[in-house]
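Next come the chains, spelled out residue by residue.
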Amino acid sequence: MHSGAAWSLVFNPFSGDHSKLRHRLFLLCAVIFCLALTGLCGAAQGRDASLMLAAQDAPRLKWVELSIGGRPVSIKAGGVLALHPDAPFMVIKAASDSWLNLGLSYHLADRPMIDLNQYHTLAEIYGDKIFDLESITLKVFKDGQSLGQVRLVPRLLPIDWLRRAENTTSLADKIRYTKKAAGLTPDNRLLMMRLLDLLLEAKQFKEAAEILEPLTRANDDRELLLRLAGLYHDMGRDVKEADTLTRLMNAGQGSPEIIDRLTTLYEKLGRWQEAAALMPQLLKDKKGRERAKSYRRLAEALQRAGREKEALSAWQEAAKLNPDDPDLWRRLARMKAKEGDKAGLLDALKKASDLNPKDKSLHLELAEALLQKGDKTQAALALEKALELTPQDVGIMLRLAGLYQEQEDREALASVYERLTQVKKDDPDLHYNLAVLTMEMGDYQQALVSLEAASRLKPKDGEIGFLLLETLLQLKRWDRASKLADQMLKQKVDPIKLVNQVHDPLLEHRPEKLANILDLALKASPKTKNLYKLRASLALDLKDSKTAIKVLAKAFKALPKELDLAWDLANLYEAQDQDSEALDVLGHILDKDPDYQGAQERYLQIKTRLMAQKNHKKTR
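In this text, all values refer to a predicted model and were calculated from it rather than measured experimentally. (Residues numbered from 1 in each chain as written. Predicted model: local features only at pLDDT ≥ 70, side-chain atom pairs only at ≥ 80, totals over all residues. Heavy atoms only, no water.)

Trainee: Got a minute to help me understand the overall build of the protein in this structure?
Mentor: Check the secondary structure of the protein and you find 30 helices and seven strands. In terms of overall dimensions, the protein has a C-alpha envelope of 210 × 80 × 40 Å along the principal axes. Relative to its full complement of 620 residues, the protein shows a buried share of 40%. Sequence-distant contacts, at least 24 apart, represent 51% of the contacts inside the protein between residues at least 6 apart. As displayed, the protein has an accessible area near 35500 Å², and 52% of this comes from carbon and sulfur atoms. Taking the 95 positively charged and 88 negatively charged side chains of the protein as two groups, their mean positions are separated by 4 Å. (Helix = DSSP H or I, 4+ residues; strand = E, 2+ residues; numbered from the N terminus. Buried < 20%, exposed > 50% of the residue type's maximum accessible area, 1.4 Å probe, protein only. Contact = heavy atoms within 4.5 Å. Areas by Shrake-Rupley, 256 points an atom, 1.4 Å probe, with all protein chains shown as cover. Lys, Arg positive; Asp, Glu negative; His and termini not counted. Charge placed at Lys NZ, Arg CZ, Asp CG, Glu CD.)

Trainee: It is not clear to me how the sheet that holds strand β5 (residues 104-108) should be interpreted in this structure. Could you clarify?
Mentor: The strands that make up a sheet are held in pairs by hydrogen bonds between backbone atoms, and each pair lies either parallel or antiparallel. What the four strands build is an open sheet, ordered β3-β7-β6-β5; its pairing is mixed. Bordering the open sheet on either side are β3 (80-83) and β5, each of which pairs with just one other strand. Each adjacent strand pair in this sheet contributes to an overall mean axis angle of 30°, direction not counted. For strand β6 (residues 136-142) and strand β7 (residues 145-154), the ladder comprises seven bridges, and the chain directions are antiparallel. The partner of Ile136 across the bridge, within β7, is Leu152. (Pairing = 2+ DSSP bridges. Axes fitted to C-alpha atoms, helices over the stretch in contact; angles between N-to-C directions.)

Trainee: How should helix α4 (residues 158-167) be read in this particular structure?
Mentor: The periodicity of an α-helix, 3.6 residues per turn, causes residues three or four positions apart to be oriented the same way. Along α4, the positions that sit buried rather than exposed are Asp160, Trp161, Arg164 and Ala165. Along the axis of α4, the buried residues cluster in a sector spanning 135°; they form a single face. The exposed set on the far side of α4, more than 90 degrees from its buried face, consists of Glu166 and Asn167. The inward-facing, buried residues of α4 contact α5 (171-184). (Arc of directions from axis to C-beta.)

Trainee: Even after reading the chapter, I still don't get the sheet that holds strand β4 (residues 89-96), so can you show me in this structure?
Mentor: Spatial strand order, β2-β1-β4: three strands in an open sheet with antiparallel pairing. Each edge of the open sheet is held by one strand with a lone partner, namely β2 (71-76) and β4. Sheet twist, expressed as the average angle between the axes of neighbouring strands with direction ignored, equals 25°. Of the strand pairs in this sheet, strand β1 (residues 61-68) and β2 are connected by six bridges, and their pairing is antiparallel. Note on β2: the bridge partner recorded for Leu66 is Val73.

Trainee: Could you clarify how one ought to interpret helix α28 (residues 563-575) in this entry?
Mentor: In this model α28 runs 18 Å from its N-terminal to its C-terminal C-alpha over 13 residues, within 8% of the 18 Å that 1.5 Å per residue would give. Among all positions in α28, only Leu563, Leu565, Ala566, Trp567, Leu569, Ala570, Leu572, Tyr573 and Glu574 are buried. (Expected span 1.5 Å × (residues − 1).)

Trainee: Help me understand the nonpolar core in this model?
Mentor: Judged by nonpolar contacts, the single largest core of 64 residues is most densely connected at Leu245, Leu400, Tyr404, Val416 and Tyr417. Of all hydrophobic cores here, the second largest spans 59 residues; its members include Val499, Leu506, Leu522 and Leu559. (Core = buried A, V, L, I, M, F, W, Y, C linked by side-chain atoms within 4.5 Å.)

Trainee: Any chance you could explain the pairing of β3 here in plain terms?
Mentor: Two faces, one strand: in a regular strand the side chains alternate between the faces of the sheet. Only one face of β3 is covered, namely the face carrying Leu81 and Leu83; the face carrying Val80 and Ala82 is uncovered. Bridge count between β3 and β7: four bridges; the pairing is parallel. By the bridge assignment, Leu81 is partnered in β7 with Leu152.

Trainee: I tried to follow a positive patch on the surface on my own but got confused; where do I start?
Mentor: A cluster of like positive charges, contributed by Lys206, Arg217, Arg237 and Lys240, occupies part of the molecular surface. On the secondary structure map, Lys206 appears in helix α7 (residues 205-217). (Patch = residues over 30% accessible without salt bridge, like charges linked within 9 Å, V, L, I, M, F, W, Y side chains within 5 Å. Salt bridge = Lys/Arg side-chain N within 4 Å of Asp/Glu carboxyl O.)

Trainee: Would you mind showing me how to read unusual backbone geometry here?
Mentor: Working note: non-glycine residues mostly have negative phi, and peptide bonds are mostly trans. One non-glycine residue, Asp143, adopts positive backbone phi at about 50°. Relative to the helices and strands, Asp143 is located in the loop between β6 and β7. For Asp577, which is not glycine, the phi torsion reads 60° and is therefore positive. Here Asp577 lies in the loop between α28 and α29 (579-592).

Trainee: I keep staring at the environment of Ile396 and nothing clicks. Help me out?
Mentor: Residue placement: Ile396 occurs in helix α18 (residues 394-406). By relative accessible area, which is 3% here, Ile396 ends up buried. Residues contacting Ile396, with those up to four places away along its chain left out, are Lys360, Leu364, Leu383, Ala386, Leu387 and Thr390.

Here is the structure:
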């Protein structure tokens, strides 16, 4: 029988009419006899010509006949026969265009030692290599000369490739062999599913999707669509996955799992209107906290879709179903705030903070809501609770400080600043502010501690210095106060301000220290009239007239226009019987102001006295 278009029916010389057979045999014998005679008669002269003729008329193969498991099959020269690797075959005979087909031999081109006159199989000859061979060449020879060839093509069945896939341990090879099997039977669903499983195992999602996509275009096969959606999920192609699941929903093949999965995709993709439309289906047959979770998802979707009123209703329902969830109350509070419902806002925040007292943010939100209501006392309590959770939070402390300052609660304010200084020990301003508060409260000892810390951090700060000086005076630390005053004057602080601060207490308790401070102040500010007056007054209090005269003499020189200082100096000179010096000073006064009260009279008195003293000396 023929084997395909390239195969041909082979004429069989042993079939047909016996009389014709006898006739042909006779002719054959006659030809042989004639050839023998010719050879004997012309051997000497025809040897070379015979060889040339043989070369010019070399026989060519016409066909080969094989036995395939006992069934004869003929193949035309150059033809092809598809043969299963396990099918036993052998060469029966071949024919050429020569009139005599004796002495023919048959060989496989790459396996010449195989005896093709015996049955063999391609699997036996080539083993596993048969899976990689496209074709096998079978050549026919006569007297060592090739007459022609045919080709055997291994015809592998799907089961062959599947067995090979089963026997290999390589996942890549399993995929390759299974593809071969699937290519031979593309309509075999089980085989396609097996190939998909292998591709998924190898994480070759794209190729698996390319196989599934054509299969799902024409119909809404649930199993295939679910597998395709799973592939898109593994590939991270959310839009494709959502579209595939939507097809299932539109085909009426949805399920709670598919609805939940599709809703999650809509949420992820920000398709909130579609998510909100699906979510009511998730509420079916759910109770308690599970139902609350579904309401929460619905509320979030509605809120993001801009459907605020519906979202508020969903949040309320979720909180009602799960009243122990603080986050639900927080979210409800925020919706209440948007609605302008201050009472509802406070109620929700209080419930949230009570349920989760360790959530600092809840206490802060509650404090803000209380402040908007105007309840500063409760707001401060909420801030204190937040601060307990994060004792190092400077921001909360500063908010508390401002709140207590508005309430004029110095004690609470001082407490906040004390905590602030523990956290920010290197901040001189915090120490200074704490000192001010404690001084206002009358706690000068605590103020001294804070000011000393501030002074160490900022030693040349005048405000800190003045407040520290005031604290020392209040604590009657006269010597320390005097020493500090000296240091501050050397740092070029305002000498008048400093003298005014220390004068009265030091005049009473440390006048000698005050004298030194006034001397330093005069050096720092030699044009200040009041400093001269204070220093001269102090010298007189200390019964030190010489120093008083010395101070006022400096004042007279530094401030010649200050006639009252000159008048005091003239009086001191006169009291110390230094009339000539007094007369000079009075003369200066009269030069500046002839009408200066008492100056002219005093000048005449001293002048007369001096003249009398002079005349008295002459008479003697």
